Amino acid sequence: MTEYLPRPHDETLRQRLAGTAATNDAGFVLLVGRSASGKTRAVYEAVTTVLPDWPVVHPADADELAAWVQASHIGPRTVLWLDEAQRYLNGAPGERAAKALGRLLDQVTPLSVVGTMWPEHLRRLTESRGDSGDESPHTRALLTGRHAMITVPDTLSGDSSAVTVAAARDPRLAAAVRAAGSGHRVLQHLTGGPELVRRWEMGPDQWFTAPEHAVLTAAVEARRLGHASAVPARLLMEAAAGFMDSTARATAGKEWFPAAISALTTTAGGPVPLIAERYARDVGDPDSYRPDDYLEQHIRRVRAHRAPPAGFWTGAAYARTADDLYALGGAAEQRRRYGCAAELYKNAVEKGHSWARASLTVLREITDGRSAAEETAATDPLAWAALAVSRERDGDDSAAYDAYRRAAETGDVWAWSAMARIREEEGEPAAADAVAALAAAAGHALAWRTLGRMRSSHGPAAAKAFDQVVSVGDGWGHMGLAQVAERAGDLAEAVEHASRAVDAGVTAAWARLVRLHWSLGDHASAVAAATGGADVGNPEGWSLLAQLRKEAEDLSGAAAAHREAAALGVGAAWRELALLADSDGDSVAAEAAAAQLARTGDAEAWTALAEARAERGYAAGAARAAAEAARAGDVEAWIRLARGREGAGNAEGAELAADLAAERGSPAAWAALSRMRERVGDRDGSRRAVLRADALGAFDAWTALGRVREELGHTASAERAYIRGCKAGDTDAYAMLGALYLEQGRLQEACDAYRSAVDAGLPDAWGELLSALAVQAPRATSAQTVNRLRTRGLPADG
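Residues numbered from 1 in each chain as written. Predicted model: local features only at pLDDT ≥ 70, side-chain atom pairs only at ≥ 80, totals over all residues. Heavy atoms only, no water.

Undergrad: Please give an account of the sheet that holds strand 5 (residues 148-151) that cites residues and values.
TA: Read across the open sheet, the five strands follow the order 2-3-4-1-5; overall the sheet is parallel. Every other strand in the sheet has two partners, leaving strand 2 (56-57) and strand 5 as the edge strands with one partner each. Sheet topology note: the strand 1 (residues 26-32)/strand 5 ladder contains four bridges and is parallel. Within strand 5, the position partnered with Leu 31 by the bridge is Ile 150. With respect to the sheet, helix 5 (residues 119-126) is in contact with strand 1, strand 4 (111-117) and strand 5, its orientation differing from that of strand 4 by roughly 105°. (Pairing = 2+ DSSP bridges. Helix = DSSP H or I, 4+ residues; strand = E, 2+ residues; numbered from the N terminus. Contact = heavy atoms within 4.5 Å. Axes fitted to C-alpha atoms, helices over the stretch in contact; angles between N-to-C directions.)

This is how it looks when you write it as structure tokens:
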């Protein structure tokens, strides 16, 4: 390997690994960065440097990871390496793996789990589909939880002296430096990525033959649209035909596919465009393929606003797993290829995907009407619940209620609560009570709890509902009754009910007791309640007590309570201790508290200090705190500092902070500076900043700047910014451009822009496209077209 050149994120990663070992803790660190940014090499160097005597385990896939955890094969003092972590966290197997991983982190110490991931995969795995349930709560909790996330830039450090010295010792590095030029993307040239991109950009029948170019493009499209693992050969063969013109299809020859695969999976001194794998467990010929990472990321971006041809959707039927079929079906539906989506969802249902029937049901209500949707739902409670949510979102409460009823009848406990809520919102409390009573008879108290919360402003009615909750044996009913009594001013009765909730095992009731005892002036009992909560694993009472003492201007008492909370693992308590000490002028104690929290992998206290100091004009202290926050993993601290300095008129300091943020992998500070400078009329400064952001990889910087220009009434320059955003690969720019054109009466251009946004899968663009089509002349023809599109979607071939 070439000589390793440490960058700022390396220090953060190594601190995390060292902290895990020193504190006998378990930690999950996720390195997020684009392809060829050095994530995997950073993990390798950090582990060999910091934990050289810890064994490293690398499961093959999600199922193996879950099985190893289940069998307790991963013990203390181990590094669990999840390179390309999305492979372990996708679909139903990924959800099982995430659940197992969460359990592992709670039970095995010391343990270091290290993963790498692209930003787009992180967004996909943490976004919510917005339907009736959460398909991957454990995955989302793992990726958005307390564990550290480190952003890795795709450029080398701005300090070029170390690079120059290293290049003098290694001709490979020297060649990469020359090829990278002023862009500093040396790492990518070391892997040969830009050369692969250049060859693909030449088009078919240039470097790559037409079949080779088509196979490579089809492989990337499958991955872009949701196929998580390597792409099966049958899918590639069927889909590739859609990326060839008629002449190429006629002249390719009978052996076009094996010839293309052979050429793409061999190398003549450069990187391999297509990597062969074998999914089957036995030894044999390759059966699956995945594109080179760097090339894949480039094609993803340049084709982000384009839907694949009809042939691709035909080939998608050969996706490997039910999760892959479901994901591709979702991509087709997002792009309004309803017929393609329905077929893929049906295939996923046949393969046993738990959510596919729900998605198919909702889709069929759009395309084929209510009876077809209900026939599809059959006896699946998830499908009925999804249908109910869809109908309620469309304002059809009566039909939604019927669907919730069917969901409840087929086993969805939450549907009872929705039925009661609808009846209550309709002004029919007796009917709502009847629903809740039916649910309670089946042993479910949630409907009564829902009604109690909805009736909170009407004490007697709320108390009646919470009494019913208690009668079902749910201790949360006492919590509701305590709230009712507290609102009525009867604190003694509120204490009695909160105490009963504690006896019923509701640990959150301890914190309510803290507040009630404090309100009664019984501070000793408030302390006892905080202690009681901590004894059963709920430290919230100490945090609440700290807040109450601070409001009473008992700052030393507040600090003492925060220390109790911090000792119990409440990270926010260290932040509050840091802020309390800093406001009291004790910067040493403040920074000690922030450092203590940072050792657990949380930079929040340093970030809060940076913000507080910047607000009161303590520039040097703010910069120091922001630097520590960035070192602890929070790049946003530098971004906020850049904004603050720019707002204070310190342009040079703002740009320095923006450069430091970029070194930590985030160009957002430069994008923010461009918008701030635009607002104050500094067009030259704005342009320099947005060009810098764009060069660093902030593909949305032009679009954000366009919004500012449009707000200021500069529509011509806003249009230019949106067009630059489109060229940079930001699909949101197409939607913004469509709205701008529609407002200006440029209907055909608006339709074209919105169509690109639809093909990109933007959820709101479909309605905007239909609106733009509806105002085109002749109105009669447009109305028919719009109505047909609304129910049938777009044809597979676009």
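Now that the structure has been shown, we can carry on.
Undergrad: Describe in detail the side chain of Thr 20, supporting the description with residues and values.
TA: Secondary-structure assignment places Thr 20 in helix 1 (residues 8-22). Not counting the four nearest positions on each side in its chain, Thr 20 is found in contact with Asp 25, Ala 26, Gly 27, Pro 110, Leu 111 and Ser 112.

Undergrad: Got a sec to walk through the nonpolar core? Specific residues and values, please.
TA: Judged by nonpolar contacts, the single largest core of 112 residues is most densely connected at Val 215, Leu 236, Leu 274, Phe 312, Tyr 404 and Trp 766. Among the elements that line this core, the one with the most residues is helix 11 (residues 210-224), at eight residues. The residues contacting Leu 274, other than those within four sequence positions of it, are Val 215, Leu 216, Ala 219, Ile 261, Leu 264, Thr 265, Tyr 289, Arg 290 and Pro 291. Counting 48 residues, the second largest nonpolar core, distinct from the first, contains Ala 558, Ile 639, Leu 673 and Ala 698. (Core = buried A, V, L, I, M, F, W, Y, C linked by side-chain atoms within 4.5 Å. Buried < 20%, exposed > 50% of the residue type's maximum accessible area, 1.4 Å probe, protein only.)

Undergrad: How would you summarise the pairing of strand 3 (residues 78-82) if you had to cite specific residues and measurements?
TA: Most of strand 3 sits inside the fold, with five of its five residues counted as buried. The two faces of strand 3 match: Thr 78, Leu 80 and Leu 82 on one face and Val 79 and Trp 81 on the other face are all buried. Looking at chain direction, strand 2 and strand 3 are connected through two bridges and run parallel. By the bridge assignment for strand 3, Val 56 is matched with Val 79. In terms of strand pairing, strand 3 meets strand 4 through five bridges, oriented parallel. Bridge pairing links Val 79 to Ser 112 in strand 4.

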